[in-house]
Amino acid sequence: MGDTNGGSLIEIDDHEEVEDPFLAFIDYAKTVISPEEDAIEEDEESKREATTEASGPGWGWIASRILKTCVAYSSGVTAAILLSDLFQAWHEQNKAGMSKKKPELIDKLKKSHRRRRLANTVTIDSIYEKNFLSMNSVLEAVIISADVLPGTNIFMLTLGDFWSSNTIDLYLHRRYYELVETPNGILRKGREVLITGCYLRTAREGCGTPRLLPTEYLVILLDEDEDDDAILIAAQFCSDTFSSVSLDAFNNGTSYSLYARIESIGPLESELKFSTAHRRQIALVDGDGVSLKFILWGEQVIVANLMSVGSVLGLERPYISSLEESAMEGKDEFCLEYGSATHLYLVPSTLQEERVCVSLSQNQCQGSKLLGSGGVSQVTLPRDAEGSVDFSNYPFRTIIADIRDKTTGISLYGVVTDILCDPNATGVVFSLKIEDTSGVIWAKLHFTSYWSLGRVGLGHLVYVSGLSCKVTRKDCLELIWHEKEEKATFINLSCLPAVLTSSCLHKIYTLSQISKQRNPSINICRVKLDEIDQFHNINIRLAHSVCGHFIDEESSSSNLHCSFCGVNCNSNVGSEVVRTFHITITLADEETKLYAWCTGQSASAILQISPDEFCDLHEDDQLMYPSSLENEWFLVALANSGSNRNNLVSGHRFNTEGTCWEITRALKI
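Bear in mind the structure is a predicted one, so any value in this text is a computation, not a measurement.

All right, on to the overall build of the protein chain then. The helix and strand tally for the protein chain stands at 14 helices and 36 strands. The buried share of the protein chain, taken over its 669 residues, is 52%. Summed over its atoms, the accessible surface of the protein chain is roughly 30700 Å², and 47% of this surface lies on carbon and sulfur atoms.

See below:
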């Protein structure tokens, strides 16, 4: 067998290779959505060029869209449905003025919009969709209007963005009132701004629509090619230089307006020994080549998310502090700080956006059809101010072996091999060990209030997007996922109803084939019930409805414990604690037999009765019930939970008598 890292080939035996149907469909969909991007130019220069821009829909975008459609159409999808949805979504997303609701002003500005979205940028549409906005999220917005609320002196900005049809209102912080009060104020209709540190006031908290509460962290964008902005820059920022700044003059009331290029953004070289305050330093170089440090303290550090290396920063009335006052070391007499009267302006450097080349794996170079046959060996991707490479538009599937430190926008497709709840973490945090053909990696999942992904077990095939990677203190790579991030998606393909009923996304295997298969794939088999374990009959257990896992029934009846979530559950059978089946079955097809277990929805589908209905049967009827189901045929999804693992989660097992196959979904045929 050759290397299959990152490709869509799965191994059945020593002589046969077949494509993973789900991965193959993603490759096919890519060629349908943007066929013009699959053709490699024929001229000699193109043939010599081994690097290509990551254009068109990324692999993760296609995978996420397909799976979200499968969630919406639980009864099943066809290739035509998926391709139609993908084609429409992609072309509407990239067509200027595609929404009638989008203000005409934004459509006009978009024609000259050449900046790429910042790493933490969220769209206004996503704020409405998730009803949530994190403090470190960035809004790249356009001011649609700036008005005073009737009967008050409060300014309200109506904001739009280039990717959303919705607009949202922001209560303007009073430190910016002087920039909007005059008829020709800088914060006027059509001005682009970058905003972070916002709190969202949701509709249920007192107003008819969501609104953004005031934030101090706003940066005004300038365009040197616009006459008004060029005049403002010349009038306001050309008189002062770093060499002209005097600490004594500042202490006597002199204010400065400074204009300098951002050379680097990073943490301070020496942190305070007796303080937990976070600090960031932005190295600035003015037009004369003189350098100064711009320091952000505490909550201010999120302002760095609005900046990028190479951009030009305008600082109006910065606070000037001595190195001793700032507890810094260095040769400079003083440094700049973000004071209470400071206004920030930015001329983005996105015309010369920093991009990095990412080398493709051997299989991606040779096996994928996404970029044709032009000998492409590298893809260029953007890198943000913190040095993180954004894989959101990466045209290939990212495999674990390709993951590196300081990467964001990662999408991963693999099998869960371990799950741990972190009881000592701040908030609700679970760690998943995910495996693909190239290796294994731990992913730390952060939830806002509780585990919200339904039942996930060992051997389940999952798709996770919105991941970022960092190196832990033990010098190991670790993936991070936050539930409320805009691009965060987690879908359990093993338990997804539509996958079982959508022939374009799966292939039906025999039981002997899946027993030899070692690579991650959706295992769909056509089987009959040969025998339901009569020794244990049909076992009824209590399960935690939040996660779908069994409850520790050895606990007192008034304090039931879910060992998966690590929480105590309400003892009453109802919304939090439910009855569920736990059965073991012998499955058979034309070639062989296989011993499997199941619980939850798949067990109810096989038994064709709910746990509550089964409990209402007479005891004799319960004993006879399994025999009435033998030789009935089903389409089942099977996951290999491991012969030694059984159902080991966070150190707890329930006995499946050595059975390694779980029926994760079943459909009577």
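Attention now moves to the sheet that holds strand β32 (residues 567–569). Taking strand neighbours across the sheet as the criterion, the three strands line up as β30-β31-β32 in an open arrangement whose pairing is antiparallel. Whereas interior strands pair on both sides, the edge strands pair on one side only; in this sheet they are β30 (551–552) and β32. Pairing analysis gives two bridges linking β30 to strand β31 (residues 560–562), with the strands arranged antiparallel. Its bridge partner lying in β31, Asp552 is registered against His561.

So, about the environment of Phe447. Note that Phe447 resides in strand β23 (residues 439–447). On the basis of relative accessible area, Phe447 is assigned to the buried category, the value being 6%. With 37 residues separating them in the primary sequence, Phe447 and Lys484 have C-alpha atoms 7.7 Å apart. With residues near it in sequence (within four places) discarded, Phe447 still touches Val428, Phe430, Ser452, Leu453, Trp481 and Glu483.

Attention now moves to the environment of Asn131. The residue Asn131 is located in the loop between α6 (124–130) and β4 (138–148) in this model. Owing to a relative accessible area of 27%, Asn131 belongs among the partly exposed residues under this scheme. Separated by 69 residues in the primary sequence, Asn131 and Leu200 place their C-alpha atoms 8.1 Å from one another.

With 78% of its residues at a pLDDT of at least 70, the protein chain reaches an overall mean of 81. Predicted confidence is poor over residues 1–7, with pLDDT under 50, and the contacts of this stretch with residues over four places away or in other chains come to 19 contacts. A low-confidence stretch, residues 643–657 (pLDDT under 50), is modelled with 41 contacts involving residues beyond four sequence positions or located in other chains.

Turning our eyes to something else, we now look at the pattern of salt bridges. Scanning the entire structure with this criterion turns up 13 salt bridges. The salt bridge involving Asp169 is made with Arg211; its shortest N-O contact spans 3.7 Å. Separated by 42 residues along the polypeptide, Asp169 in strand β6 (residues 168–171) and Arg211 in strand β9 (residues 211–212) bring together distant segments of the chain. Across the pair Arg526 and Glu590 runs a salt bridge, and its minimum N-O distance is 3.8 Å. Of the two residues, Arg526 sits in strand β28 (residues 523–532) while Glu590 sits in the loop between β33 (577–588) and β34 (593–599), which places them 64 residues apart along the sequence. We classify Glu590 as exposed; its relative accessible area is 65%. A single network of salt bridges, built from pairs that share partners, joins Glu178, Glu316 and Arg317.

The subject of this paragraph is the state of the cysteines. The final tally for this structure, using the stated rule, is zero disulfides. Just so you know, Cys562 is unpaired, no disulfide at all, and the nearest cysteine sulfur is the one on Cys547, 3.5 Å from it.

To continue, consider the side chain of Ser321. Summarising the element assignment, Ser321 is placed in strand β15 (residues 319–322). On the basis of relative accessible area, Ser321 is assigned to the buried category, the value being 0%. Looking at Ser321, its side chain comes within polar contact range of the side chain of Glu337, at 2.8 Å.

Okay, the packing of aromatic side chains next. For any pair of aromatic rings, the description consists of the separation of the ring centres together with the inter-plane angle of the planes. Considering all chains together, one arrives at 21 aromatic pairs under this definition. With centroids separated by 6.2 Å and ring planes inclined at 50 degrees, the aromatic side chains of Trp59 and Tyr463 adopt a geometry described as tilted. Separated by 404 residues along the polypeptide, Trp59 in helix α3 (residues 59–72) and Tyr463 in strand β24 (residues 461–471) bring together distant segments of the chain. With a relative accessible area of 0%, Tyr463 lands in the buried category. Centroid distance Trp451 to Phe564: 5.0 Å. Interplanar angle 85 degrees. Geometry classified as edge-to-face. One end of the pair, Trp451, is in the loop between β23 and β24; the other, Phe564, is in the loop between β31 and β32, and 113 residues separate them in sequence. Given a relative accessible area of 2%, Trp451 falls into the buried group. Its relative accessible area of 2% is what places Phe564 among the buried residues. Pairwise contacts between aromatic rings join Phe430, Phe447, Trp451, Trp481, Phe490 and Phe564 into one cluster.

Attention now goes to the packing of helix α1 (residues 21–33) against α3. Working note: a packed helix pair is described by the angle between its axes plus the distance between those axes. Between α1 and α3, whose axes approach to 10 Å, the crossing angle comes to 110 degrees. The angle between the axes of α1 and α3 places the two elements in the roughly perpendicular class. Contacts from Phe22, Leu23, Phe25, Ile26, Asp27, Ala29, Lys30 and Ile33 in α1 reach Trp59, Trp61, Ile62, Ala63, Ile66 and Leu67 in α3. Here the contact of α1 with α3 is composed, by residue class, of twelve nonpolar, no polar and two charged.

Let us look at the pairing of strand β12 (residues 279–286). Burial of β12 is extensive: eight of the eight residues sit out of reach of the surface. Here β12 shows two buried faces, one formed by Arg279, Gln281, Ala283 and Val285 and the other by Arg280, Ile282, Leu284 and Asp286. Pairing geometry for strand β11 (residues 257–267) and β12, over seven bridges, is antiparallel. By the bridge assignment for β12, Ile265 is matched with Ile282. With seven bridges connecting them, β12 and strand β13 (residues 291–297) associate as antiparallel partners. The residue bridging Ala283 from the neighbouring strand is Lys293, located in β13. In this antiparallel pair of consecutive strands, β12 and β13, the connection spans four residues, and Gly289 shows a positive phi of 85 degrees.

Here we come to helix α12 (residues 600–607). Of all the positions in α12, only Ser602, Ala603, Ala605, Ile606 and Leu607 are classed as buried. In this structure, the buried side of α12 is in contact with β28, β33, β34, β35 (633–640) and β36 (661–668). After α12 finishes, the residue Gln608 shows a positive phi value of roughly 60 degrees.

About the criteria used
- Residues numbered from 1 in each chain as written.
- Predicted model: local features only at pLDDT ≥ 70, side-chain atom pairs only at ≥ 80, totals over all residues.
- Heavy atoms only, no water.
- Helix = DSSP H or I, 4+ residues; strand = E, 2+ residues; numbered from the N terminus.
- Buried < 20%, exposed > 50% of the residue type's maximum accessible area, 1.4 Å probe, protein only.
- Areas by Shrake-Rupley, 256 points an atom, 1.4 Å probe, with all protein chains shown as cover.
- Pairing = 2+ DSSP bridges.
- Contact = heavy atoms within 4.5 Å.
- pLDDT = per-residue confidence, 0-100.
- Salt bridge = Lys/Arg side-chain N within 4 Å of Asp/Glu carboxyl O.
- Disulfide = S-S within 2.5 Å.
- Polar contact = N/O pair within 3.5 Å; in protein donor to acceptor, adjacent residues only side chain to side chain.
- Phe/Tyr/Trp six-rings, centres within 6.5 Å; stacked < 30°, edge-to-face > 60°.
- Axes fitted to C-alpha atoms, helices over the stretch in contact; angles between N-to-C directions.
- Parallel < 35°, antiparallel > 145°, perpendicular 65-115°, else oblique.
- Nonpolar A, V, L, I, M, F, W, Y, C, P; charged D, E, K, R; others polar.

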